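Residue strings, one per chain:
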Amino acid sequence: MVNLTINGKAVSVKEGTTILEAAKTIGETIPTLCYLKEVNAIGACRVCVVEVEGTDRCVTACNNFVEEGMVVYTNSRKVRTTRKTNVKLILSQHDYKCGTCIRSGNCALQSIANELNISEMPYDSILEKDNWDKTFPLIRDAQKCIKCMRCVQVCDNIQGMHIWDVVNTGSRTTVNVRANKNIAETACTLCGQCVSNCPVGALTERDDVGIVLDAIENEDIITVVQIAPAVRTAWGEDFGMSKEYATAQRLVAGLRRIGFDYIFDTTFAADMTIMEEGSEFLERLPEIKESGLPMFTSCCPGWVKFVKSEFPEMAGRLSTAKSPQQMFGAITKSYYAEKLGVDPEKIFCVSIMPCLAKKDECTWDGGKDVDAVLTTREVERMFKAFFIKPEELDEDEFDNPLGEGTGAGVIFGATGGVMEAALRSAYYLVTGNNPDADAFQSVRGLEGWKEASFDLNGTTVNVAVASGLGNTRRLVNAIKKGEVHYDFVEIMSCPGGCINGGGQPYKEDAVMVEERRHVLYGLDKRDNLRFSHENPSVKLCYEEYFEKPLSHRAHEILHVK
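It should be emphasised that the depicted structure is a prediction, and the values quoted were computed from it without experimental measurement.

**Q** Before we move on, can you summarise the overall build of the protein chain with the specific residues and values?
**A** Counting secondary structure elements, the protein chain contains 18 helices and 17 strands. Taken over C-alpha atoms, the radius of gyration comes to 25 Å for the protein chain, in line with the 24 Å a tight globule of 561 residues would show. Structurally, the protein chain occupies a C-alpha span of about 80 × 55 × 45 Å along its principal axes. Per-residue burial for the protein chain yields a buried fraction of 59% across its 561 residues.

**Q** Provide a residue-level description of the side chain of Asp208, including the pertinent values.
**A** Inspection of the secondary structure assignment puts Asp208 in the loop between strand S9 (203–205) and helix H6 (209–216). If near-sequence neighbours (up to four positions away) are discounted, Asp208 is found in contact with Lys359, Val373, Leu374 and Glu378.

**Q** Got a sec to walk through helix H4 (residues 150–158)? Specific residues and values, please.
**A** An α-helical turn contains 3.6 residues, so any two residues separated by three or four positions project in the same direction. Burial analysis of H4 places 7 of its 9 residues in the buried class, which makes it a mostly covered element. Taken together, the buried positions of H4 are Arg150, Cys151, Val152, Gln153, Val154, Cys155 and Asp156. Check the buried side of H4 and you find it contacts strand S7 (164–167), strand S8 (174–177), helix H5 (193–197) and S9. Following H4 by one or two positions, Gly160 adopts a phi angle in the positive range, close to 65°.

**Q** For unusual backbone geometry, give the residues involved together with the corresponding values.
**A** The linkage connecting Asn400 with the following residue, Pro401, adopts the cis geometry, with an omega of 10°. With respect to the helices, strands and loops of the structure, Pro401 is situated in the loop between helix H12 (376–385) and helix H13 (407–410). The phi angle at Met149 is positive, at roughly 75°, despite the residue not being glycine. Mapping Met149 onto the fold places it in the loop between strand S6 (138–140) and H4. Taking the relative accessible area as the measure of exposure, Met149 reaches 17% and is therefore buried. Unlike most non-glycine residues, Leu190 shows phi in positive territory, near 65°. Assignment of secondary structure puts Leu190 in the loop between S8 and H5.

**Q** Report on the packing of aromatic side chains, specifying residues and quantitative values.
**A** Taken as a whole and assessed by the stated rule, the structure comprises 16 aromatic pairs. Ring plane angle 85° and centroid distance 5.6 Å describe the contact between Tyr262 and Tyr336, whose orientation is recorded as edge-to-face. With Tyr262 in strand S11 (residues 262–265) and Tyr336 in helix H10 (residues 324–340), the pair connects residues that are 74 residues apart, well separated along the chain. What makes Tyr336 buried here is its relative accessible area of 4%. Considering the side-chain rings of Trp303 and Phe306, the 6.3 Å spacing of their centres and the 35° angle between planes classify their relative orientation as tilted. In this pair, Trp303 and Phe306 both sit in helix H9 (residues 301–310), 3 residues apart, roughly one turn of the helix. Phe306 sits in the buried class, given a relative accessible area of 0%. By way of ring pairs, the aromatic residues Tyr262, Phe264, Phe328 and Tyr336 are connected into one cluster. A cation over an aromatic ring shows up here: Arg103 above the ring of Tyr506, its NZ or CZ 3.6 Å from the ring centre.

**Q** Report on the sheet that holds S11, specifying residues and quantitative values.
**A** Sheet architecture is open: 4 strands sit in the order S11-S10-S13-S14, paired in parallel fashion. The open sheet has two free edges, formed respectively by S11 and strand S14 (372–375), since each of these has just one partner strand. Direction aside, the axes of adjacent strands within the sheet are offset by 25° on average. For strand S13 (residues 347–353) and S14, the ladder comprises 4 bridges, and the chain directions are parallel.

**Q** Any chance you could break down the state of the cysteines for me, citing the residues and the numbers?
**A** Throughout the structure, instances matching the rule amount to 0 disulfides. Cys151 carries a free sulfur, and the closest cysteine sulfur to it, the one in Cys148, is 6.2 Å from it. Free of any disulfide, Cys494 has its nearest neighbouring cysteine sulfur in Cys191, separated by 5.4 Å.

**Q** Run through the nonpolar core, naming residues and quoting values.
**A** In this structure, Trp164 and Leu255 are the most contacted members of the largest nonpolar core, which totals 147 residues. Per-element accounting of this core gives the leading share, 9 residues, to helix H8 (residues 266–291). Those residues within four positions of Trp164 in sequence are excluded, and the remaining contacts are Trp132, Leu138, Arg140, Cys151, Val152, Cys155, Asp156, Asn176, Val177, Arg178, Cys194 and Leu203. Among the nonpolar cores identified, the runner-up in size contains 20 residues, and Leu4, Val52, Ala61 and Val66 belong to it.

**Q** Break down the pattern of salt bridges for me, citing the residues and quoting the values.
**A** Evaluated as defined, the whole model comprises 39 salt bridges. A salt bridge links Arg178 to Asp165, with the shortest nitrogen-to-oxygen separation between them at 3.1 Å. On the criterion of sequence distance, the pair formed by Arg178 in the loop between S8 and H5 and Asp165 in strand S7 is long-range, its members being 13 residues apart. The exposure class of Asp165 is partly exposed, given its relative accessible area of 24%. A salt bridge links Lys480 to Glu313, with the nearest nitrogen and oxygen atoms 2.5 Å apart. With Lys480 in helix H15 (residues 469–480) and Glu313 in the loop between H9 and H10, this pair connects stretches of sequence that are 167 residues apart. On the accessibility criterion, Glu313 (45% relative accessible area) is partly exposed. Beyond isolated ion pairs, a larger network of salt bridges with shared partners links Glu420, Arg424, Asp438, Arg444, Asp524, Lys525 and Arg530.

Quick notes on the rules
Residues numbered from 1 in each chain as written. Predicted model: local features only at pLDDT ≥ 70, side-chain atom pairs only at ≥ 80, totals over all residues. Heavy atoms only, no water. Helix = DSSP H or I, 4+ residues; strand = E, 2+ residues; numbered from the N terminus. Rg over C-alpha atoms; globule rule 2.2 N^0.38 Å. Buried < 20%, exposed > 50% of the residue type's maximum accessible area, 1.4 Å probe, protein only. Contact = heavy atoms within 4.5 Å. Phe/Tyr/Trp six-rings, centres within 6.5 Å; stacked < 30°, edge-to-face > 60°. Lys NZ or Arg CZ within 6 Å of the ring centre and 35° of its normal. Pairing = 2+ DSSP bridges. Axes fitted to C-alpha atoms, helices over the stretch in contact; angles between N-to-C directions. Disulfide = S-S within 2.5 Å. Core = buried A, V, L, I, M, F, W, Y, C linked by side-chain atoms within 4.5 Å. Salt bridge = Lys/Arg side-chain N within 4 Å of Asp/Glu carboxyl O.

What follows is the structure, given as structure tokens:
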């Protein structure tokens, strides 16, 4: 153990502990800006500086380690002066017009500037200029970038995509797309992890609220909105609402007040996806066993884009089933339009998703199925624009028949959830009996790469689940090399799955991701229906329109080539 003193308090911590972590053990706060635990500890912002006796200059706490007998001051006059100067220098290269910033009130730099009582700027403002494609789902505002390197480190070290980099030299040094490419020319999967971890408003999603409100206010258009499973775990966070109070039903009530005509649950489409994808897996299983190559899930557009660009030879192993988002849109503009007796062209289908990649996915078919996608954050901003106070809303139910889902559909939002839901129904389709609903919970958890084996009526099925593109690359390479053999593989591009999607509310740490995961499994546990094949609305949909999974009509509408 290493013994030191921080602000006059004796501290004993393990060797290799940073000053920042040592201070946390005794409740001492050291502000940080660029620091991202286990990802970015380069001291770029120099906001976490502290004074160490015996040294002339302040040192960064995030990447300097404790030493025996060290005496540290985290808030001395020298520290305060240095820290304040450093933040002013950052502000001099940052567009700090907070009143028009999407992150105002939820910005790390703004908070630190307020805490340090910075009320005037002695330095001239020098702002970077950049031409960005504003049609791309991910938007970068160069004038707000503070060169903290978080986006670079997350993309390199967690996702392994290497989209961002330090570019230019000297005073022109900044962070931008690697090799100064146009973002659309890169292999960016739009996982949005760079957006989630940007401490300011330099990286955001393209705002599509305007086109949605235009549709709502057009009397000739029927607006249909779907809410993804992961959204219900997080939509109330920025409003300070508890997980128990921020129910999907209160979200429904708020959306009705905004003016949507019909509000449905994507868990219905998730159950439909399981019926199609699970049936497809059983149909392909003999070929899978013979070839030694698995079938991959196709729910995550970030993963689909990744495999097509990075491993195109494996793209044929994807399930042909559309994602729940696209399947919902397809059903809305076919089956539901017929039930309403309206021209599908009059229906404007909106998705509320935890994801930036969904904004891209809905364009893959020319916008035929889904017309617009809003992130969880965009919905929160829409609520604020309508002066809706969610804590005062009564609960309201989803519309039917596309508003009924099961626990199996709900857990789609967490890594391993698609696999578990599929196995529940695959077991039933093979045996005619339901398994224990929790029989496949070994695929749960936030580990980046999990594997398991299950007996399916005498056939051993080997499965794997991966989340995060860095883990995905390792898994796919291992499959290609013959180091592992799986029959069915679920991939989510965001670490932890959709609950940690790039369109979710900004989080402080991984604890919030774990909380969101528990919400989904808690809803599943309490649901009277925990199997996709038992969803009465799904049964009705097949009876009235699709006949059965993998029927000719199902292939035409619910699958891709």
